[in-house]
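The lines below spell out each chain.
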Amino acid sequence: MKFKHAILIIAAACVAVPAMAQFAKPEDAIKYRKSSLFVMGQHFGRIGAMAQGRVPFDAKAAADNAAVVEVMSKLHWAAFTEGTDKGETRAKPEIWKDAAKFKEAGDKLQAEATKLSAAAKTGNLDNLKTAFAATGGTCKGCHDNFRKD
Ligand code: ASC
């Protein structure tokens, strides 16, 4: 086989392999999404502390944290694979029953997280506050609809 053909086959396989194949076990997918959501929450919370005046505004720290939130906002979606509605999870069955709505909620978070990162880069606290509130709204919206209490 020519090298070029091998590369094309590998590239096609990467696209075609379903998300499930990324995790050895359903528990790993659950652990992964909880872990990445936890990390996102930590960094989002540091921005919240500044937006709510609990700690002094530090533009560089805000931008650094927002950049992490932006990346993290993309990760956990691939871990809501089939069969991971059971076990140590608060994920509601609606995630799989109403997949289009769940995807929409996920897209909203990612869009707002991108705006949050851009807002943080302006170095303006009011911009950060506005984007923080909008992003937090997407966290809450998804939790209200798709997470058990
Ligand atoms: C956070 C965090 C969330 C959201 C959510 C917003 O800081 O960890 O899950 O904000 O509480 O309503």
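Quick look at the structure, then. (Residues numbered from 1 in each chain as written. Predicted model: local features only at pLDDT ≥ 70, side-chain atom pairs only at ≥ 80, totals over all residues. Heavy atoms only, no water.)

Below, the discussion takes up the packing of helix α2 (residues 26–51) against helix α6 (residues 125–146). Contact geometry for α2 and α6: axes closest at 10 Å, N-to-C directions at 135°. As judged from the angle between their axes, α2 and α6 are oblique. As α2 runs across α6, the sense of the crossing is left-handed. Taking contact as the criterion, the partners of Phe44, Ile47, Gly48, Met50 and Ala51 in α2 are, on α6, Leu125, Leu128, Lys129, Phe132, Thr135, Gly136 and Cys139. For the contact of α2 with α6, a count of residues per class yields eight nonpolar, three polar and one charged. (Axes fitted to C-alpha atoms, helices over the stretch in contact; angles between N-to-C directions. Helix = DSSP H or I, 4+ residues; strand = E, 2+ residues; numbered from the N terminus. Parallel < 35°, antiparallel > 145°, perpendicular 65-115°, else oblique. Left-handed = near helix turned anticlockwise from the far one by under 90°. Contact = heavy atoms within 4.5 Å. Nonpolar A, V, L, I, M, F, W, Y, C, P; charged D, E, K, R; others polar.)

It is worth spelling out the site of the ligand at this point. Residues in contact with the ligand, as listed here, are Gly41, Phe44, Gly136, Cys139, Lys140 and His143. Taking 310 Å² as the accessible area of the ligand by itself, protein coverage stands at 55%. Elements represented by at least two residues in the shell around the ligand include exactly α2 and α6. (Near = heavy atom within 4 Å. Areas by Shrake-Rupley, 256 points an atom, 1.4 Å probe, with all protein chains shown as cover.)

One pass over the structure, following the stated rule, counts six salt bridges. Across the salt bridge formed by Asp85 and Lys86, the nearest N and O atoms sit 3.1 Å from each other. Residue classification places Lys86 among the exposed positions, given a relative accessible area of 55%. Where Lys115 meets Glu112, a salt bridge forms, and the shortest distance between an N and an O atom there is 3.4 Å. Taken together, the residues Lys115 and Glu112, both in helix α5 (residues 99–121) and three residues apart, mark about one turn of the helix. Overall, Glu112 belongs to the buried group, its relative accessible area being 18%. (Salt bridge = Lys/Arg side-chain N within 4 Å of Asp/Glu carboxyl O. Buried < 20%, exposed > 50% of the residue type's maximum accessible area, 1.4 Å probe, protein only.)

Take α6 next. For an α-helix the count is 3.6 residues per turn, leaving residues at separations of three or four pointing the same way. Here α6 contains 22 residues, and its C-alpha end-to-end distance of 31 Å stays within 8% of the 32 Å for a straight helix at 1.5 Å per residue. Regarding α6, the residues found buried are Leu128, Ala131, Phe132, Thr135, Thr138, Cys142 and Phe146. When α6 is viewed along its axis, its buried side chains cluster within an angular range of 125° and face the same direction. When the buried face of α6 is taken as reference, the exposed residues oriented beyond 90 degrees from it are Asp126, Thr130, Ala133 and Lys140. Elements in contact with the buried residues of α6: α2, α3 (59–72), α4 (94–97) and α5. Regarding α6, its N-cap is Asn124, as a side-chain oxygen of that residue lies 2.8 Å from the backbone nitrogen of Asp126 further along. (Expected span 1.5 Å × (residues − 1). Arc of directions from axis to C-beta. Polar contact = N/O pair within 3.5 Å; in protein donor to acceptor, adjacent residues only side chain to side chain.)

Attention now moves to the nonpolar core. Residues Ile47, Val69, Ile95, Phe102 and Leu116 are the most contacted members of the largest nonpolar core, which totals 27 residues. Put simply, the parts of the chain that give this core at least two residues each are α2, α3, α4, α5 and α6. Broken down by element, the residue count for this core peaks at seven residues, all from α5. (Core = buried A, V, L, I, M, F, W, Y, C linked by side-chain atoms within 4.5 Å.)

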